[in-house]
Every structure is written in structure tokens, then in C-alpha cells.
Amino acid sequence: KILKHMFFKHVKENNFSIKYYPNPVVDKLILELSAYKDYSYKLNMYNSLGCLILSENVKGRKSMINVTGLSAGIYYLTVTDNNLIIESIKIIKNMQ
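Quantities reported herein were computed from a predicted structural model and do not represent experimental measurements.

Draft legend 1. Highlighting the side chain of glutamate 32. Mapped onto the elements, glutamate 32 comes out in strand β2 (residues 28-34). Judged by relative accessible area, which is 18%, glutamate 32 ranks as buried. At 2.5 Å, the side chain of glutamate 32 and the side chain of tyrosine 21 are in polar contact.

Okay, structure coming up:
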């Protein structure tokens, strides 16, 4: 399923920040969110062709995404709330 992920409405929240590491990533990507509502959000990951490859509903300040099964390349991760993109980040996946 191909989605036009870069064309969703993007909203920048002043009280929201995200830390993500390591980047480049080999197996596990850690996300840490600060000061955003009740820490309930959706993560969508897309490959460089715009295909949705991962979608998760997440609760909590800290999350871990297992990317072991992904091929090496560039991916885009969006953090959304009610279908509005709060943040989008570029992830580089390396092989071991």
C-alpha cells in the first residue's frame, strides 16, 4: 500500500520534543517524547518509496522500535495525533 506520507498536514507543537537514537540504527531505535498530552500517539514508518511498512499505537514517554528485519536504507518515521503529524524524522538503517 503506497501512501503519500509527506502530504499529511503537519502541526508543530511548541511543547513537544522527541529524542531518537541511535541514528543510524542497526536493530533497535529508541524514541523519547517529552511534554505531550497523555503520551498516546501513533508511529508510522515509511520506506523511501512512500510505502507504509510499520504502524503502531504507542502509549508512554519512551518507546522502542525493532528494525532488525528491515533492509538497509532510508526510512521516514512520523509521530501523529488524530491524523496530524506532530513530528517527522529521517532514519538511516544500517546492516550489522
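Having seen the model, we can carry on.
Draft legend 2. Summary view of the sheet that holds strand β3 (residues 40-47). Pairing in this open sheet of four strands is antiparallel, and the strands run β4-β3-β6-β7 from one edge to the other. Edge positions in the open sheet fall to β4 (52-59) and β7 (84-93), since each of these has one partner strand only. Going from strand to strand, the sheet's axes swing by 20° on average, the running direction of each strand aside. Of the strand pairs in this sheet, strand β6 (residues 73-81) and β7 are connected by nine bridges, and their pairing is antiparallel. Bridging across to β7, leucine 77 finds its partner in isoleucine 89.

Draft legend 3. Main features of the nonpolar core. Core analysis: the biggest nonpolar cluster contains 19 residues, and Leu29, Leu31, Leu43, Ile65, Leu77, Val79 and Ile91 have the highest contact counts within it. Only β2, β3, β4, β6 and β7 provide two or more residues apiece to this core. Among residues more than four places away in sequence, those in contact with leucine 31 are Ile18, Lys19, Tyr20, Leu43, Arg61, Lys62, Ser63, Ile65, Leu77 and Ile89.

Draft legend 4. Main features of the sheet that holds strand β5 (residues 62-66). Pairing is antiparallel across the open sheet formed by three strands, whose spatial order is β1-β2-β5. Each edge of the open sheet is held by one strand with a lone partner, namely β1 (17-21) and β5. Direction aside, the axes of adjacent strands within the sheet are offset by 20° on average. Here β1 pairs with β2 via five bridges, running antiparallel. Along β2, the bridge assignment pairs tyrosine 21 with isoleucine 30.

Draft legend 5. Here's a closer look at the pairing of β3. Burial of β3 is extensive: six of the eight residues sit out of reach of the surface. One ladder, built from six bridges, connects β3 with β6; its direction is antiparallel. Bridged to asparagine 47 within β6 is tyrosine 75.

Cut-off values and rules
- Residues numbered from 1 in each chain as written.
- Predicted model: local features only at pLDDT ≥ 70, side-chain atom pairs only at ≥ 80, totals over all residues.
- Heavy atoms only, no water.
- Helix = DSSP H or I, 4+ residues; strand = E, 2+ residues; numbered from the N terminus.
- Buried < 20%, exposed > 50% of the residue type's maximum accessible area, 1.4 Å probe, protein only.
- Polar contact = N/O pair within 3.5 Å; in protein donor to acceptor, adjacent residues only side chain to side chain.
- Pairing = 2+ DSSP bridges.
- Axes fitted to C-alpha atoms, helices over the stretch in contact; angles between N-to-C directions.
- Core = buried A, V, L, I, M, F, W, Y, C linked by side-chain atoms within 4.5 Å.
- Contact = heavy atoms within 4.5 Å.

On their own, these measurements won't tell you what the molecule is for.
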